[in-house]
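# Observations on chain architecture
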Amino acid sequence: MIVEVILGDITKLGSEVEAIVNAANEDLLGGGGVDGAIHRAAGPELLKECCTLGGCEPGDAKVSKAYNLKQKYIIHTVGPRYYSNPNPAETLRSCYQKSLQIADKLGVKTIAFPSISTGVFRYPLEEASSIAINTIKQYKSKNIETVIICAFDEKTYKVYLDKLR
Ligand code: ADP
């Protein structure tokens, strides 16, 4: 499995990326940051489907179709709120694991993640990026060949790239 870090907007990725991960909220009804961007780009049908998914616990993940995005699937995972989650490290690890498991089961070969929890949920970037990279590298994949971390700003990009090396 290859792990790559890129700088860019996750909603602009092409069809060679079959699944993107959304850093969602528990209610799965959209929000700010990457969640808002994904909902805007996918269109209103996404919200309709998300309403049927019954929400999502922190550390868990659920899948939907991708509508106007070029992917096949959106995997919605809820990261820990750093300052109120009782075990943010384990919850964050679980987000990456569960998302990879779902994608793998669906036969996805290429998946892209945003930097889960390091925006509004305030997870410190250094620690979050270590957990992300370690969890992805430890994952025993059946179908997934490439995992992309899509950083949206220069600082996030550099920190993830550093951890990868
Ligand atoms: P969380 O609530 O899990 O912290 P946020 O969306 O607030 O989620 O932030 C997570 C990361 O996603 C941040 O690094 C933020 O800059 C980034 N982000 C925001 N918009 C996009 C986008 N369109 N593509 C990729 N990453 C994005």
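For the structure itself, consult the block above.
Let us look at the structure shown here.

Conventions and cut-offs
- Residues numbered from 1 in each chain as written.
- Predicted model: local features only at pLDDT ≥ 70, side-chain atom pairs only at ≥ 80, totals over all residues.
- Heavy atoms only, no water.
- Salt bridge = Lys/Arg side-chain N within 4 Å of Asp/Glu carboxyl O.
- Buried < 20%, exposed > 50% of the residue type's maximum accessible area, 1.4 Å probe, protein only.
- Helix = DSSP H or I, 4+ residues; strand = E, 2+ residues; numbered from the N terminus.
- Near = heavy atom within 4 Å.
- Polar contact = N/O pair within 3.5 Å; in protein donor to acceptor, adjacent residues only side chain to side chain.
- Areas by Shrake-Rupley, 256 points an atom, 1.4 Å probe, with all protein chains shown as cover.
- Nonpolar A, V, L, I, M, F, W, Y, C, P; charged D, E, K, R; others polar.

Attention now moves to the pattern of salt bridges. For the coordinates displayed, the defined rule picks out 5 salt bridges. As a salt-bridge pair, Asp9 and Lys12 come within 3.7 Å of each other at their nearest N and O atoms. Note on Asp9: relative accessible area 25%, which makes it partly exposed. The class for Lys12 is exposed, based on a relative accessible area of 65%. Residue Lys98 is joined to Asp60 by a salt bridge in which the shortest nitrogen-to-oxygen separation is 4.0 Å. One end of the pair, Lys98, is in helix 3 (residues 88-105); the other, Asp60, is in the loop between helix 2 (44-50) and strand 3 (61-65), with 38 residues separating them in the sequence. By relative accessible area, Lys98 is classed as partly exposed at 32%.

Contacts to the ligand come from 16 residues, most closely from Asp9, Val34, Ser117, Gly119 and Val120. Interatomic distance of 2.9 Å between a backbone N/O atom of Val34 and an oxygen atom of the ligand. Here an oxygen atom of the ligand sits 3.1 Å away from a polar atom, N or O, in the main chain of Phe121. Protein chains bury 90% of the 570 Å² of accessible surface belonging to the ligand in isolation. With 3 residues, the single largest contributor to the shell around the ligand is helix 1 (residues 33-42). When grouped by side-chain class, the residues that make up the shell around the ligand number 8 nonpolar, 6 polar and 2 charged.

Function cannot be read off these values alone, since they describe shape.
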